[in-house]
Amino acid sequence: MSKPLDVVLVGGCGHVGLPLGLAFADRGLSVALFDIDADAVERVNRAELPFREPGADEVLARVVADGTLRATTDPAVVGTAENVVVVVGTPIDEHLNPDLNAVQGAISILGDHLVDGQLLVLRSTVYPGVTALVERLMLDLGLDVDVAFCPERIAEGKAMVELFELPQIVASRSQRALDRATKLFRNIIHEVVVLEPEEAELAKLFTNTWRYIRFATANQLFMIANDFGLDYERIRAALTHHYPRAADLPGAGFAAGPCLFKDTMQLAAFNNNNFQLGQASVAVNEGLPLYVIARLEQRFDLSDMAVGILGMSFKAESDDIRSSLSYKLKRILRFKARDVLCHDPYVTLDPDLLPLDEVLHRADLLVVATPHPMYTDIDTDKPVVDIWNLRGEGVVT
Ligand SMILES: NC(=O)c1ccc[n+]([C@@H]2O[C@H](COP(=O)([O-])OP(=O)(O)OC[C@H]3O[C@@H](n4cnc5c(N)ncnc54)[C@H](O)[C@@H]3O)[C@@H](O)[C@H]2O)c1
């Protein structure tokens, strides 16, 4: 009988699964990535990244070439590894409610393939209580599987650094599962923090919610300053100058992406929709594109103008357009402006993007929606709205 694999990642070709698989494989573990996305699986096996993640391409080339990592759409691979790590997406629905069944739904489909003695690690960001549900699911399936919850806390774009630096939260009700999960993650990071599963589930949601609230605070302060004709960035620079207690006040900007808003809503749902700070943060952050347009309408007749949007991904130097507020801005501007012209240097999934030169030439007005560094020095005499203060020219709109 062949030696079992060290790790199988379920959802392994995604933004969290693939970097983690690469990190394990780069430390010498044998890794398989199971994913239902056949296109992503083929690309990974060709040593091609399905999305941008700095530092991942050279590791992928190495571990595919030496056979330490491979991807597959065959769920049977799940039964061939000592450790099974689940990193499927956990989205919210059109009513902003979390899909409570996303993780255990994926696992129950794998029920026929899991085998006694495996360690099952949940790594997706889950609605509190999902770990307990998965423990019960294992019992119902008659499986003797150790269950742990070990949340991912990397930021996209920094995965190949942060996976080796951020302490790993490890949670389980069983000491054996804690020991096994600790041993697994010590392959990439030494520092482990132990919590109960429900504490760890909240720790992950609190992490993202705290970040989202901080961005909302900055965005609301930006709007207050701007409404009084004052430059938020000038004020922020002054108040943070040699003043450590305020040093973490963020700049203004579109706070978006696949995690922060979604996880704030997961926490609100968990607390019976009673989460005023989180809900206020949604109103502020999701309202910023509307605010920018309302301010522009006070200065310009948009119906007669072509507006250029610079940056469509949800954050700088990323190709990820999931829940990007650039698209909300675009949708509203298409209703209000004569034309909307979009550019992004990284995004590949949007056929409507135009070359930068064309946007700069045809647009009457430019909005920096994503702070890609390449927009810092663009040469234009058109008005530029730059809430990020990327160009250092002040941000009053
Ligand atoms: N993206 C981030 O920066 C980040 C950071 C920390 C935590 N997280 C959390 O990690 C989880 C995954 O997020 P992501 O951004 O990697 O999502 P993703 O959509 O990029 O990846 C999920 C992958 O799972 C696959 N998949 C879905 N259902 C499956 C199934 N039943 N069986 C096998 N594969 C399946 C998809 O094809 C996809 O490749 C989420 O819970 C998210 O909240 C994300």
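Residues numbered from 1 in each chain as written. Predicted model: local features only at pLDDT ≥ 70, side-chain atom pairs only at ≥ 80, totals over all residues. Heavy atoms only, no water.

## Side note on the packing of aromatic side chains
Part 1 of the reasoning: Within this structure, the stated rule accounts for five aromatic pairs.
Part 2 of the reasoning: Ring plane angle 80 degrees and centroid distance 6.3 Å describe the contact between Phe-222 and Tyr-232, whose orientation is recorded as edge-to-face. Residue Phe-222 is found in helix α8 (residues 197-227), and its partner Tyr-232 is found in helix α9 (residues 232-240); the two are separated by ten residues along the sequence.
Part 3 of the reasoning: The exposure class assigned to Phe-222 is buried, which follows from its relative accessible area of 0%. (Phe/Tyr/Trp six-rings, centres within 6.5 Å; stacked < 30°, edge-to-face > 60°. Helix = DSSP H or I, 4+ residues; strand = E, 2+ residues; numbered from the N terminus. Buried < 20%, exposed > 50% of the residue type's maximum accessible area, 1.4 Å probe, protein only.)

## Remarks on the environment of Pro-50
Part 1 of the reasoning: Relative to the helices and strands, Pro-50 resides in the loop between α2 (38-45) and α3 (56-65).
Part 2 of the reasoning: Separated by 133 residues in the primary sequence, Pro-50 and Lys-183 have C-alpha atoms spaced 29 Å apart.
Part 3 of the reasoning: Ignoring anything within four residues of it in the chain, the contact list for Pro-50 reads Cys-13, Leu-18, Ala-40, Arg-43 and Val-44. (Contact = heavy atoms within 4.5 Å.)

## Quick word on the site of the ligand
Part 1 of the reasoning: Near the ligand, the surroundings consist of 24 residues, among which His-15, Val-16, Asp-35, Thr-90 and Lys-262 are the closest.
Part 2 of the reasoning: Between Glu-156 and the ligand, the recorded distance is 2.9 Å, taken from a side-chain N or O atom to a nitrogen atom.
Part 3 of the reasoning: Here Arg-322 contributes a side-chain N or O atom positioned 3.0 Å from an oxygen atom of the ligand.
Part 4 of the reasoning: Contact with the protein chains covers 84% of the free accessible surface of the ligand, which is 840 Å².
Part 5 of the reasoning: The class makeup of the residues in the shell around the ligand is ten nonpolar, seven polar and seven charged. (Near = heavy atom within 4 Å. Polar contact = N/O pair within 3.5 Å; in protein donor to acceptor, adjacent residues only side chain to side chain. Areas by Shrake-Rupley, 256 points an atom, 1.4 Å probe, with all protein chains shown as cover. Nonpolar A, V, L, I, M, F, W, Y, C, P; charged D, E, K, R; others polar.)

## Side note on the nonpolar core
Part 1 of the reasoning: In this structure, Leu-22, Phe-24, Val-31, Leu-33 and Leu-69 are the most contacted members of the largest nonpolar core, which totals 42 residues.
Part 2 of the reasoning: Among the elements that take part in this core, helix α1 (residues 17-26) stands out by supplying six residues, more than any other.
Part 3 of the reasoning: The contacts of Leu-33, once residues within four sequence positions are left out, are Leu-9, Gly-12, Cys-13, Gly-17, Leu-18, Gly-21, Val-44, Leu-69, Arg-70, Ala-71 and Thr-72.
Part 4 of the reasoning: Leu-249, Val-284, Phe-300 and Cys-342 belong to the second largest nonpolar core, which has 38 residues in total. (Core = buried A, V, L, I, M, F, W, Y, C linked by side-chain atoms within 4.5 Å.)

## A closer look at the pattern of salt bridges
Part 1 of the reasoning: Tallying each qualifying case throughout the model produces 20 salt bridges.
Part 2 of the reasoning: In this structure, Arg-322 engages Glu-156 in a salt bridge whose closest nitrogen and oxygen atoms are separated by 3.1 Å. With Arg-322 in the loop between β9 (306-310) and α12 (325-336) and Glu-156 in the loop between β6 (146-149) and α6 (159-162), this pair connects stretches of sequence that are 166 residues apart.
Part 3 of the reasoning: Of the charged contacts in the structure, one is a salt bridge between Glu-297 and Lys-336, with a shortest N-O distance of 3.3 Å. Of this pair, Glu-297 sits in helix α11 (residues 276-299) while Lys-336 is found in helix α12, placing the two residues 39 residues apart along the sequence.
Part 4 of the reasoning: Among the residues examined, Glu-297 registers a relative accessible area of 38% and is labelled partly exposed. (Salt bridge = Lys/Arg side-chain N within 4 Å of Asp/Glu carboxyl O.)

## Side note on the pairing of strand β4 (residues 81-86)
Each regular strand displays side chains that alternate between the two surfaces of the sheet.
Part 1 of the reasoning: Within β4, five of the six residues are buried, leaving the element largely enclosed by the surrounding structure.
Part 2 of the reasoning: In the sheet, strand β1 (residues 5-10) pairs with β4 via five bridges, with the strands oriented parallel. Its bridge partner being in β4, Val-10 is matched across the sheet by Val-86.
Part 3 of the reasoning: For the segment spanning β4, helix α4 (residues 102-109) and strand β5 (residues 119-122), crossover handedness is right-handed. (Pairing = 2+ DSSP bridges. Right-handed = clockwise from strand over helix to strand, strands pointing away.)

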